[in-house]
Amino acid sequence: MHRLRALALATGFSLAIAIVALFYVWGAFALALAATQWFAGWMGETIAAFIAAGLLVVGCLLAAQAAVWARARWDAHAGAARMARRRRDLEALRRDPARAHWAPLAERRQVADPATVARWESRYRELLAHPRRRAFAARALEGEFLSDAQIDFLLDPSRRVTCAHLQPVEQALRAAGAPMTVGEPGFLWTEWSLDGPRLLREMPLPGVHWQVPAAHPRDPQPGYLRCPACGSRIEGGFGASFPRA
Ligand SMILES: [Zn+2]
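About the cut-offs
Residues numbered from 1 in each chain as written. Predicted model: local features only at pLDDT ≥ 70, side-chain atom pairs only at ≥ 80, totals over all residues. Core = buried A, V, L, I, M, F, W, Y, C linked by C-beta atoms within 7 Å. Buried ≥ 20, exposed ≤ 12 C-beta atoms within 10 Å, placed from the backbone. Helix = DSSP H or I, 4+ residues; strand = E, 2+ residues; numbered from the N terminus. Contact = placed C-beta atoms within 7 Å. Domains from an automatic or database assignment. Nonpolar A, V, L, I, M, F, W, Y, C, P; charged D, E, K, R; others polar. Pairing = 2+ DSSP bridges. Axes fitted to C-alpha atoms, helices over the stretch in contact; angles between N-to-C directions.

Draft legend 1. Spotlight on the nonpolar core. One finds Leu-166, Val-169, Leu-225 and Ile-234 to be the most contacted residues of the largest nonpolar core, which totals 14 residues. For this core, the secondary structure elements donating two or more residues are helix H7 (167–176) and strand E5 (224–227). Leave out the neighbours within four places in its chain, and Val-169 touches Leu-199, Met-203, Leu-205, Leu-225 and Ile-234.

The following block contains the structure:
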């Protein structure tokens, strides 16, 4: 029923826009024609042609303005429809006992479409069913959907993801309590800013390179430690400096 009404509204809008645009174009054309005929008999054809051209230009400008107005109206209408749908989705979510536990997150994120909530629920159940990762199910409810690799990394302090040559740095970051993100094997990211030259001086890191991407004024890139032999790397961010001064 809602969809039918939206369709009818959309059709009505399109029709109204077409009629307004047609009216403008036709009006400009008729004016130009009338002016041409009037001036042709009275002042000569050259001036009449100039006037007609001028009127046509005015007509085109008016038509363009009408199009802009119609577009703005249409955007406002589409935005209102989106908001109404979100409100309906959220209400349906609150009323559904099987999914209501997602209502706070949906409200916070302003997202409640059934496909997204189904994705959240599926990940939540996956975590609950796992003997160790279930400890992170409650964090999913809060909107923190960590990957399996990240959870396993957090659960096991002895776990290392980088190659043997980079592990002294990984271990030191762990010991210092650095916030770290893991994903693909061999790759580690920390928001702390790495002092690469100092790490290379102070730790045994055979074959490891410190690399700083070319300077870019608007989008500066942090440096990273890389082991070319293993393709492993530790990337820093712009947070506190590590090791500490
Ligand atoms: Zn290596």
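Past the structure itself, the notes keep going.
Draft legend 2. Main features of the domain arrangement of the protein chain. By domain assignment, the protein chain separates into domain 1 (2–95), domain 2 (100–141) and domain 3 (157–242). Tallying the contact residues gives 5 residues for domain 1 and 10 residues for domain 2. When the residues that make up the side of domain 1 that touches domain 2 are grouped by side-chain class, the tally is 2 nonpolar, no polar and 3 charged.

Draft legend 3. Representation of unusual backbone geometry. Pro-243 follows Phe-242 through a cis peptide bond whose omega is -5 degrees. Structurally, Pro-243 is set in the segment after strand E7 (241–242).

Draft legend 4. Looking closely at the sheet that holds strand E1 (residues 180–182). Taking strand neighbours across the sheet as the criterion, the 5 strands line up as E1-E2-E6-E5-E4 in an open arrangement whose pairing is mixed. Two strands in the sheet have a free side with no partner beyond their single neighbour: E1 and strand E4 (209–211). With strand direction ignored, the average angle separating the axes of adjacent strands in the sheet is 20 degrees. Pairing of E4 with E5, which is carried by 3 bridges, proceeds in the antiparallel orientation. Counterpart to His-209 in the pairing with E5 is Arg-226.

Draft legend 5. Quick look at the environment of Tyr-124. Along the chain, the position of Tyr-124 falls in helix H4 (residues 114–128). Measuring from C-alpha to C-alpha, the distance between Tyr-124 and Pro-204 comes to 42 Å, with 80 residues separating the pair along the chain. If we ignore the near neighbours within four places in the chain, the residues touching Tyr-124 are Ala-137, Ala-140 and Leu-141.

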